[in-house]
Amino acid sequence: MKLNPTVLGLALLVGAASCTSSKTHYDDHWNPRSVGLRMGNHAFNYRQDRDGDDFWAFQGRQMSAVGTTVQRHVFNENPDNPLQPQ
């Protein structure tokens, strides 16, 4: 079977034209460039689109919440309880 060079060239042209790519989506899990961002989101539980603040303000709120939890459960001291003496 002999291939026609015109048909082969046309097939290669159509195949090359179909391999275009769109802009990069870093939140797309099929994109390997999104791995670092997704690992950071998972490790620090921070997403700018959901949390809104910058990273350090978010971490400050998280550490404040952790400190309050430790104070309540370990030291048995709740500053929000009106029935507990100061």
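Here the structure is a predicted model, which means the values were calculated and not measured. (Residues numbered from 1 in each chain as written. Predicted model: local features only at pLDDT ≥ 70, side-chain atom pairs only at ≥ 80, totals over all residues. Heavy atoms only, no water.)

## Re the layout of surface pockets
Alright, step 1. Approximately 200 Å³ is the volume attributed to the largest pocket.
Alright, step 2. Lining the largest pocket we find eleven residues, and of these Leu37, Asn41, Tyr46, Arg47 and Gln48 sit closest to its centre.
Alright, step 3. At the level of secondary structure, the elements contributing two or more residues to the lining of the largest pocket comprise α2 (35-44) and α3 (48-51).
Alright, step 4. Per element, the largest residue contribution to the lining of the largest pocket is five residues, and it comes from α2.
Alright, step 5. Of the residues in the lining of the largest pocket, the class split is four nonpolar, three polar and four charged. (1 Å grid on protein atoms, 1.4 Å probe; cavity = no way out; pocket = protein on both sides within 12 Å on 5 of 7 lines; lining within 4 Å. Points joined across faces, edges and corners; volume = space filled by probe spheres on them. Helix = DSSP H or I, 4+ residues; strand = E, 2+ residues; numbered from the N terminus. Nonpolar A, V, L, I, M, F, W, Y, C, P; charged D, E, K, R; others polar.)

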